[in-house]
Every structure is written in structure tokens, then in C-alpha cells.
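# Examination of the molecular architecture
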Amino acid sequence: MAKVKTSFFCQNCGTQYSKWQGQCNACREWNTIVEEVIQKEEKQSWKPATPGDKRAAKPLRINEIDAGAEVRMDTTDGELNRVLGGGLVPGSLTLLGGEPGIGKSTLLLQISLKLPYRTLYVSGEESQKQIKMRAERITSAAENCFILTETKTQNIFKQIEAIDPEVVIIDSIQTLHTDYIESSPGSISQIRETTAELIKFAKETNVPVILIGHITKDGSIAGPKILEHMVDTVLQFEGDRNHVYRILRSLKNRFGSTAELGIYEMLGSGLREVVNPSEILISHKEEELSGTAIATTMEGMRPLMIEIQALVSTAVYGTPQRSTTGYNAKRLNMILAVLEKRAGFRLGAKDVFLNITGGINVDDPAIDLAVVAAILSSNEDIPVDKGYCFAGEIGLSGEVRPVNRVEQRILEAEKLGFSTIFVSKYNKISLKNTGIEIKMVARIEDVAGHLFG
């Protein structure tokens, strides 16, 4: 056995130090540096290839590299396939993070039960009976799913050799530990070492591995930041406990776009894919109410219709309040300043509250025009026609600026039965014979004239 070596790691950011100190120089946190054993035994956790199997890599000219289409494994889940860029890539490592209780384990168990591939679901947090109870709620037939409750990587790899799975799911990486690191599960060195072992396994066997990761109180994935650099894809599963809807985002993807979005509805029988997200983002009401407007936004390649709600009232306490939910508060202040300076609306002494329904956050500037319409509608107490929708960015001089992929937005609005869409006069639109009226506006005053004139 080699001599035991120790080092000091920051439990917040993973920075390594040769001796203890009170404050981390990297993240400036206090009392987060602890001593951990880093000396490993001279052993291999995953059996190496036999001599002669692996040849030393040699450089190739870029035009000599075979760029054939990569084969992807269908997860049978349309939303997950979209976010991953078309499905699981063989040999890839995917990390899924999210709040406790948001549905990470449910999502991956549901997928593992439906996969047409032999799947090993490894849980370090629940017993086999607990997983079986949850599986019975989701589906009754699952022939290809094997459940293993284990936390030691050496034992996990022995079972992998016996079962020879085509997909491996680990719930969660923070519960795993290896014999070659003498520190507790969830520590910086254990997370780094167990992830490295899984990466080695995935790359040598071409088996995709999906990891569940815990997150810290500030929303970042627990463990060293290098964990996110090591894996191929980082997914974030988010939502509000007060809403039944969950959103799957890609924060990093070596095999696809990071702009795609998947939406699920949490039910007693598991997570349901929401194929038409506009059904959950637009509230259904009988009468027309002031202060609401419909915006068209893009999440990746998918157009969405979202409802903007605004409330404008006289400031009772002297200093006007500005409050937003799902929208950038600084951008709201900018739009209010433009309305005051360029369009002559006196909103400086009024409270303004803005909300995007459905519990989602949107940073697309194309919803600016709908924000303006909702604010003016509430201020004038005149409802916006429920057949109207908006797609335009507001500039500091009060002009309505063009937005990208406007034709996709128009077609989505037409598909959902809207009668009129307001877009910038400077957008170039080649659509003809559409069933929706396209109103081209250049300034905020033009919009106000159409809505309330």
C-alpha cells in the first residue's frame, strides 16, 4: 500500500490547497476547506483492455476524419430526445440536476422502464421495494429494466459485467464511493474519482451513462465545478412546487443545442410530455380582462405562446413599486422609461406588477411588445382583444424592432387560432395567403392607436 497522502479542498468550489486556511481564495467562502485523503491504491476499478487492443492515438488531417452521422439511441421520450439533440449518444455521460422532490428520479425511472434497451438503474438512495412501488404507479410492463441498490463503484462494475447493460442510470453521483479514496461519499474527491471511473467505463464500452446530481442552496450542482466539465451533457430539471409543470433545460451539450426546452406535467402516474406547451401557458377565461396580452416566444426551435399579465395602480406609499415574476426587472424599468419619455404615458407615480403565467422564466426580447400592450391595457383599463398577439422588441427611442424567426411565430399564432399578430414594420416577411392578419407597426404609439384608438 502506498503512503497515504492528503490535501485540502474547498467544499464549495473544489479548489485544492497544500495546507489549511480559513478563507478560500477562489470563491471567498469562509471555513469551507477540509482535509481529504487523495492517495489511491495501485488498482483499476474498471478492467482495462487487454494489451494490443488499444493503439496509441495519432494525429489526422481534419479532412481525413470520418464525419459520418452519429447513431443515437431513442429514449422513447420526445421531450428528452429534443433537449438531448435527438437521443442518447453511445458512450456519453449525461448529468441531470434539480431541486429535491422535483421529479429527477421519477423522470429517469420512467424512461428506464420504457427503454427498448437493457437498462441498469442503480440507486444509492432508495431500496428496491421503494423503487418497485414507484414503478407500479408509472407502468406495469418493464422487461428490460434491472434495479440495483448499491453505492460502491467496485460492486456496481461487477454487476455491470454480469448484466452487460446497454444504458446505465446512477441515482445519484453524490451517494457513490470508491475504495481507493478514503473520504466519505459526497466529498469533492469521491465525486471526482467516481465520475472519472464512470467516464472511463462509458468511453471504453460505448455505453451511455446518466447521472443524477444534487444541487446546493444557490441552485448550482453540488460538488466540484469540474464535474460539469467532465460530463458531455448537463441537464437542469426545474419547476415550482406550486405548479404541476416541470421544465427540462440543457445547460451544456456537446452533441446538440443548449437552447431547446422540454415541458412535462407532473401527474400521479408519472410525468406526462406536454406536446403543445401553449395549452398550459395561456389561461382559459370566459370574459375579457384588462392587463393581459399574448406574446410569441422561441425556445430553441420551438415557438411558444405565453400570457403576460400586468397590473398598474396608483402608488399608495409614495415610492412606486416595480415587481416581476418570470421577467427581467431591469428590462421592465427600461420599458416603463421608454413609455414615459417617448410615448407620453405617465407611469412614474404608479405601481407596476408583471407576471408571466405558467411559472416559466423568459428572456426573449420579442415579448417586449406584449409587455407594453399588457401595461397600457391595465393603465387604461381596456382589455386587449383576445384574438391579438405580439412579437416585437422595444428600442430606447420607442421603435418596434424586428425579431428573429418571425415567420415561425406567425405560423404558430395562426395554428392556435389568433386573428391578428403585431410585428415590427422592419421585419421581412415572405408568407402569403395566411389566415392571420399581420399588422406592421413602427413605434409604440402605432400599437397604442390600434389597441385603444
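Before any of the text, the structure's been laid out above.
Residues numbered from 1 in each chain as written. Predicted model: local features only at pLDDT ≥ 70, side-chain atom pairs only at ≥ 80, totals over all residues. Heavy atoms only, no water.

### Topic: the environment of Leu431
With respect to the helices, strands and loops of the structure, Leu431 is situated in the loop between strand 20 (420-424) and strand 21 (437-441). Through-space distance from the C-alpha of Leu431 to that of Leu451 is 24 Å; in sequence the pair is 20 residues apart. Those residues in contact with Leu431, other than ones at most four positions away along the chain, are Glu407, Ile410 and Leu411. (Helix = DSSP H or I, 4+ residues; strand = E, 2+ residues; numbered from the N terminus. Contact = heavy atoms within 4.5 Å.)

### Some thoughts on helix 4 (residues 153-163)
When helix 4 is considered as a whole, its buried residues turn out to be Thr153, Gln154, Ile156, Phe157 and Ile160. The arc enclosing the buried residues of helix 4, seen along the axis, measures out at 160°, which places them on a common side. Looking at helix 4, the residues exposed on the side facing more than 90 degrees away from the buried face are Lys158 and Ala162. Packed against the buried residues of helix 4 are strand 5 (119-123), strand 6 (145-149), strand 7 (167-171) and helix 5 (188-205). (Buried < 20%, exposed > 50% of the residue type's maximum accessible area, 1.4 Å probe, protein only. Arc of directions from axis to C-beta.)

### Brief notes about the sheet that holds strand 12 (residues 270-273)
Taken in spatial order, the 9 strands line up as 6-5-7-8-4-9-10-11-12 in an open sheet, and their pairing is mixed. The outermost strands of the open sheet, each flanked by one partner alone, are strand 6 and strand 12. Within the sheet, the average angular offset between the axes of one strand and its neighbour, ignoring direction, is 25°. As defined by bridge partners, strand 5 adjoins strand 7 across 5 bridges and the pair is classed as parallel. By the bridge assignment for strand 7, Leu120 is matched with Val168. (Pairing = 2+ DSSP bridges. Axes fitted to C-alpha atoms, helices over the stretch in contact; angles between N-to-C directions.)

### Points about a nonpolar patch on the surface
A contiguous nonpolar surface patch, about 340 Å² in accessible area, is contributed by Leu60, Ile62 and Ile65. Position of Ile65 among the secondary structure elements: in the loop between strand 3 (33-37) and helix 1 (78-84). Judged by its relative accessible area of 46%, Ile65 falls in the partly exposed class. (Patch = residues over 30% accessible without salt bridge, like charges linked within 9 Å, V, L, I, M, F, W, Y side chains within 5 Å. Areas by Shrake-Rupley, 256 points an atom, 1.4 Å probe, with all protein chains shown as cover. Salt bridge = Lys/Arg side-chain N within 4 Å of Asp/Glu carboxyl O.)

### Focus: the packing of helix 4 against helix 5
Packing of helix 4 against helix 5 leaves a shortest axis separation of 11 Å and a crossing angle of 20°. On the basis of their axis angle, the class for helix 4 and helix 5 is roughly parallel. Handedness of the helix 4/helix 5 crossing: right-handed. Touching Thr153, Gln154, Phe157 and Ile160 of helix 4 are Thr194, Glu197, Leu198 and Phe201, all from helix 5. Across the contact of helix 4 with helix 5, the residue classes tally to 4 nonpolar, 3 polar and 1 charged. (Parallel < 35°, antiparallel > 145°, perpendicular 65-115°, else oblique. Left-handed = near helix turned anticlockwise from the far one by under 90°. Nonpolar A, V, L, I, M, F, W, Y, C, P; charged D, E, K, R; others polar.)

### Re the side chain of Glu228
Inspection of the secondary structure assignment puts Glu228 in helix 6 (residues 226-230). Those residues in contact with Glu228, other than ones at most four positions away along the chain, are Leu95, Ile221, Val234 and Lys252.

### So, the pairing of strand 8 (residues 209-213)
With respect to burial, strand 8 is a largely interior element, 5 of its 5 residues being buried. Covered by surrounding structure in strand 8 are Val209, Leu211 and Gly213 together with Ile210 and Ile212, the residues of both alternating faces. In the sheet, strand 4 (residues 93-98) pairs with strand 8 via 5 bridges, with the strands oriented parallel. Paired with Gly97 across the bridge in strand 8 is Gly213. Bridge count between strand 7 and strand 8: 4 bridges; the pairing is parallel. Directly across from Ile169, in strand 8, lies its bridge partner Ile210. Taken together, strand 7, helix 5 and strand 8 constitute a β-α-β crossover, and its handedness is right-handed. (Right-handed = clockwise from strand over helix to strand, strands pointing away.)

### Section: the environment of Ile306
Of note, Ile306 is situated in strand 14 (residues 302-314). Distance in space between the C-alpha atoms of Ile306 and Arg405 is 17 Å, their sequence separation being 99 residues. Apart from residues lying up to four places away in sequence, Ile306 is in contact with Leu281, Ala293, Ile294, Ala295, Thr297, Ile356, Ile360, Val362 and Ile367.

### Some points on the side chain of Thr357
Among the structural elements, Thr357 can be located in the loop between strand 16 (350-356) and helix 9 (368-380). Dropping the residues within four chain positions of it, Thr357 is found in contact with Leu281, Glu307 and Gln309.

### Focus on the nonpolar core
Ile306, Ile308, Leu339, Ile367, Val371, Ile375 and Phe390 are the most contacted members of the largest nonpolar core, which totals 48 residues. When neighbours within four sequence positions are excluded, Leu339 is seen to be in contact with Gly344, Phe345, Leu347, Val372, Ile375, Leu376 and Ile444. Membership of the second largest hydrophobic core comes to 28 residues, among which are Leu107, Ile111, Cys145 and Ile210. (Core = buried A, V, L, I, M, F, W, Y, C linked by side-chain atoms within 4.5 Å.)

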